[in-house]
Amino acid sequence: MQHHPARLIAKKRDGGDLTAAEIQDLVSGVVDGTLGDAQLGAFLMAVCCNGMTATETAALTLAMRDSGRVLEHAQVAKPKIDKHSTGGVGDKVSLLLAPLVAAAGVAVPMVSGRGLGHTGGTIDKLAALPGYRTDLSLERFSQVVEQCGYAMMAPSADLAPADRRMYATRDISGTVESIPLITSSILSKKLAEGIDGLVMDVKCGRAAFMVEEHDAVALMEGLVATGRQAGIKMAALLTDMDHPLGLALGNGLEVAEVLAAIEGECPADLRELTLALGAEMLLLAGVAKDTEAARATLERLWRDGVVRQVFRHNLELQGGDLRVLDDATALGKARVVLPVEAPRSGHVVDVDPLVLGQIVVDLGGGRRQPTDVIDPHVGIVLKHVLGDTVRTGDALAFVHARDAASANAAASRVLAAMPIGEERKKRGPLVRRRLG
Ligand code: URA
């Protein structure tokens, strides 16, 4: 490092603004190790406490992006647009959205992450698809985008490597909840994908990173402003995470829901969010004149089976077992499937996504430790949602588990997460705000 690390850290600690050159120097120190662990922790805490200006956040994002390779996709002539979600429960949108948007003539190079805590991750869901490879080389990733319109891969070590060390340090130093740090972490990886535009799905609610709407709005505005400063087109939707998305929770079960959705059998909220995000992607790509036209195109491609063809082509290119398209049992299944029965008649007055997400993790569908191995077959399939009328003994949900003991333990927790009462409640809007 050219600067004295302690002086830069103290400048941020005392509320000063760092220059782009100083931030660049700190990020070089993150990558080459000349910034020690204690110094990195202190710097992150100083940012967490004192924040960063928009200019500092953009400088940090660009320095983190440039800490590794930045893809160009020279062979891909189409506009390159991606979507990123801040994480939720039951959020399998990417699996459906990428082929749908690719079918409309937009290239989607999607580098996705693993699940974090109770929230699922696209890479874990893809691991439930037999044979599907997400460990592509960057060259192969670009080729797959060129050949079928989209590709999905796990982050490789050479994309935004500074974020790896910074994220791991944030995780153990109480510095995850910082808007400039979240913004630069997400955008540095996305910018390294070589995209022209990004649609952010910023989740808000009980099971989201941002529980309060004002925090989610601040994150949404920060992401959009920083992305634009970094030179890409940005749009964002603020969407509900006070309820799970769709009916299936757990990696293989979510893939099965996506396979059915591709054939047209899709829960209303999953369909709505997929179309809303897809329309924003088409607008950013400049291939639709307005939201209505974009939605109409996507609905037609979905209805006419074009999305299925693109999904199939991608499956072929990334090594997935094509049998899953005609027979979802090729995904395999859990040993025990247990119904959770309504203890009384009435209406479903709550469906708590945080508790349900935690149950899925405890069933083995998520990680408690970074090294935990996920069971792709376990999870929960909801049979009812908020406001539904049920009678005593109706199945509220099915628990998919490895054994009877974990199924029984999960079932009683599902029951508590889905209370029955008199009031007929309605879910609030799925898309709460839009920043286009
Ligand atoms: N996702 C990321 O990649 N980074 C964060 O900081 C938060 C969510």
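1. Remarks on the overall build of the protein chain
Okay, step 1: Of regular secondary structure, the protein chain possesses 16 helices and 13 strands.
Okay, step 2: By its C-alpha atoms, the protein chain is 70 × 45 × 35 Å across when sized along the principal axes.
Okay, step 3: Once local pairs closer than 6 in sequence are excluded, the contacts in the protein chain between residues at least 24 apart make up 78%.
Okay, step 4: With the model as given, the accessible surface of the protein chain reaches about 17,400 Å², and the carbon-plus-sulfur share is 51%.
Okay, step 5: Here the protein chain holds 47 positive side-chain charges and 54 negative ones, and the gap between their average locations is 2 Å.

2. Section: the layout of surface pockets
Okay, step 1: Each pocket or cavity is described by its volume, and for the second largest pocket that value is around 470 Å³.
Okay, step 2: Lining the second largest pocket are 22 residues; nearest its centre among them are Leu253, Ala256, Glu257, Val381 and His400.
Okay, step 3: Among the elements that take part in the lining of the second largest pocket, helix 11 (residues 251-262) stands out by supplying 5 residues, more than any other.
Okay, step 4: Of the residues belonging to the lining of the second largest pocket, the class tally is 13 nonpolar, 5 polar and 4 charged.

3. Quick word on the nonpolar core
Okay, step 1: Core analysis: the largest hydrophobic core is formed by 70 residues, its most contacted members being Leu96, Leu129, Tyr150, Leu282 and Trp302.
Okay, step 2: Here this core gets 10 residues from one element, more than from any other, and that element is helix 12 (residues 268-285).
Okay, step 3: With sequence-adjacent residues up to four places away left out, Leu282 is seen in contact with Val101, Ala104, Val106, Val287, Ala288, Ala294, Thr297 and Leu298.
Okay, step 4: Residues Val360, Leu363, Leu382 and Val390 belong to the second largest nonpolar core, which totals 28 residues.

4. Digging into the pattern of salt bridges
Okay, step 1: Counted under the stated rule, the structure contains 36 salt bridges.
Okay, step 2: A salt bridge links Asp82 to Lys190, with the nearest nitrogen and oxygen atoms 2.6 Å apart. Of this pair, Asp82 sits in strand 1 (residues 81-85) while Lys190 sits in helix 9 (residues 179-192), placing them 108 residues apart in sequence.
Okay, step 3: Taking relative accessible area as the criterion, Asp82 reaches 0% and is therefore assigned buried.
Okay, step 4: In this structure, Asp290 engages Lys289 in a salt bridge whose closest nitrogen and oxygen atoms are separated by 3.9 Å.
Okay, step 5: For Lys289, a relative accessible area of 74% puts it in the exposed group.
Okay, step 6: One salt-bridge network, in which partners are shared between bridges, spans Arg206, Glu213, Asp240, Asp242, Asp269, Asp350, Asp352, Arg427, Arg432 and Arg433.

5. A look at the sheet that holds strand 10 (residues 389-390)
Okay, step 1: The antiparallel open sheet is built from 3 strands, whose spatial order is 10-8-12. Only two strands of the sheet have a single neighbouring strand rather than two, namely strand 10 and strand 12 (420-421).
Okay, step 2: Of the strand pairs in this sheet, strand 8 (residues 346-348) and strand 12 are connected by 2 bridges, and their pairing is antiparallel. Directly across from Val348, in strand 12, lies its bridge partner Ile420.

6. Brief notes about the site of the ligand
Okay, step 1: All residues adjacent to the ligand are Tyr167, Arg170, Ile182, Ser185, Ile186, Lys189 and Phe209.
Okay, step 2: Arg170 has a polar side-chain atom sitting 2.8 Å from an oxygen atom of the ligand.
Okay, step 3: Within the contact set of the ligand, a nitrogen atom lies 2.6 Å away from a side-chain nitrogen or oxygen of Ser185.
Okay, step 4: When the free accessible area of the ligand is taken as 240 Å², the share hidden by the protein chains comes to 90%.
Okay, step 5: When contributions to the shell around the ligand are tallied by element, the ones reaching two or more residues are helix 8 (161-171) and helix 9.
Okay, step 6: Here the element with the most residues in the shell around the ligand is helix 9; it accounts for 4 residues.

7. What about the packing of aromatic side chains?
Okay, step 1: All told, the structure shown has 0 aromatic pairs when counted by the stated rule.
Okay, step 2: Looking at Arg271, its charged tip hangs above the ring of Trp302, at a distance of 4.8 Å from the centre.

8. Notes on the domain arrangement of the protein chain
Okay, step 1: The domain architecture assigned to the protein chain consists of domain 1 (5-51), domain 2 (81-325) and domain 3 (333-421).
Okay, step 2: With centres defined by C-alpha atoms, the gap from domain 2 to domain 3 works out at 25 Å.
Okay, step 3: Taken together, the contact pairs 21 residues of domain 2 with 24 residues of domain 3.
Okay, step 4: When domain 2 packs against domain 3, the two sides together hide about 1,700 Å² of surface, and 61% of this comes from carbon and sulfur.
Okay, step 5: Applying the counting criterion to the domain 2 and domain 3 interface returns 3 salt bridges.
Okay, step 6: Seen at the junction of domain 2 and domain 3, the total is 6 residue pairs in polar contact (both at pLDDT 80 or more).
Okay, step 7: Of all the secondary structure elements, the ones that give two or more residues to the side of domain 2 that touches domain 3 are strand 6 (248-249) and helix 11.
Okay, step 8: Ranked by residue count, the leading element in the side of domain 2 that touches domain 3 is helix 11, at 3 residues.

9. Quick notes on unusual backbone geometry
Okay, step 1: One non-glycine residue, His73, lies in the positive phi region at around 50°.
Okay, step 2: Following the sequence through the fold, His73 ends up in the loop between helix 4 (54-65) and strand 1.
Okay, step 3: Phi at Ala160 takes a positive value of approximately 45°, unusual for a residue other than glycine.

10. Section: the sheet that holds strand 13 (residues 431-435)
Okay, step 1: Pairing in this open sheet of 4 strands is mixed, and the strands run 1-4-5-13 from one edge to the other. Looking at strand neighbours, the two that pair on one side only are strand 1 and strand 13, the edges of this open sheet. When strand polarity is set aside, the average angle formed by the axes of neighbouring strands in this sheet is 15°.
Okay, step 2: Judged from the 8 bridges that link them, strand 4 (residues 197-204) and strand 5 (residues 233-240) form a sheet pairing that is parallel.

11. Notes on the environment of Ile420
Okay, step 1: Turning to its location among the elements, Ile420 is positioned in strand 12.
Okay, step 2: The buried category is assigned to Ile420, whose relative accessible area is 12%.
Okay, step 3: For the pair Ile420 and Ala342, spaced 78 residues apart in sequence, the C-alpha to C-alpha distance is 7.6 Å.
Okay, step 4: Non-local contacts of Ile420, meaning those with residues more than four positions away in its chain, are made with Pro343, Arg344, Ser345, Gly346, His347, Val348, Val349, Val390 and Leu396.

Reading the values: the criteria
Residues numbered from 1 in each chain as written. Predicted model: local features only at pLDDT ≥ 70, side-chain atom pairs only at ≥ 80, totals over all residues. Heavy atoms only, no water. Helix = DSSP H or I, 4+ residues; strand = E, 2+ residues; numbered from the N terminus. Contact = heavy atoms within 4.5 Å. Areas by Shrake-Rupley, 256 points an atom, 1.4 Å probe, with all protein chains shown as cover. Lys, Arg positive; Asp, Glu negative; His and termini not counted. Charge placed at Lys NZ, Arg CZ, Asp CG, Glu CD. 1 Å grid on protein atoms, 1.4 Å probe; cavity = no way out; pocket = protein on both sides within 12 Å on 5 of 7 lines; lining within 4 Å. Points joined across faces, edges and corners; volume = space filled by probe spheres on them. Nonpolar A, V, L, I, M, F, W, Y, C, P; charged D, E, K, R; others polar. Core = buried A, V, L, I, M, F, W, Y, C linked by side-chain atoms within 4.5 Å. Buried < 20%, exposed > 50% of the residue type's maximum accessible area, 1.4 Å probe, protein only. Salt bridge = Lys/Arg side-chain N within 4 Å of Asp/Glu carboxyl O. Pairing = 2+ DSSP bridges. Near = heavy atom within 4 Å. Polar contact = N/O pair within 3.5 Å; in protein donor to acceptor, adjacent residues only side chain to side chain. Phe/Tyr/Trp six-rings, centres within 6.5 Å; stacked < 30°, edge-to-face > 60°. Lys NZ or Arg CZ within 6 Å of the ring centre and 35° of its normal. Domains from an automatic or database assignment. Buried area = accessible area lost by both parts, 1.4 Å probe. Axes fitted to C-alpha atoms, helices over the stretch in contact; angles between N-to-C directions.

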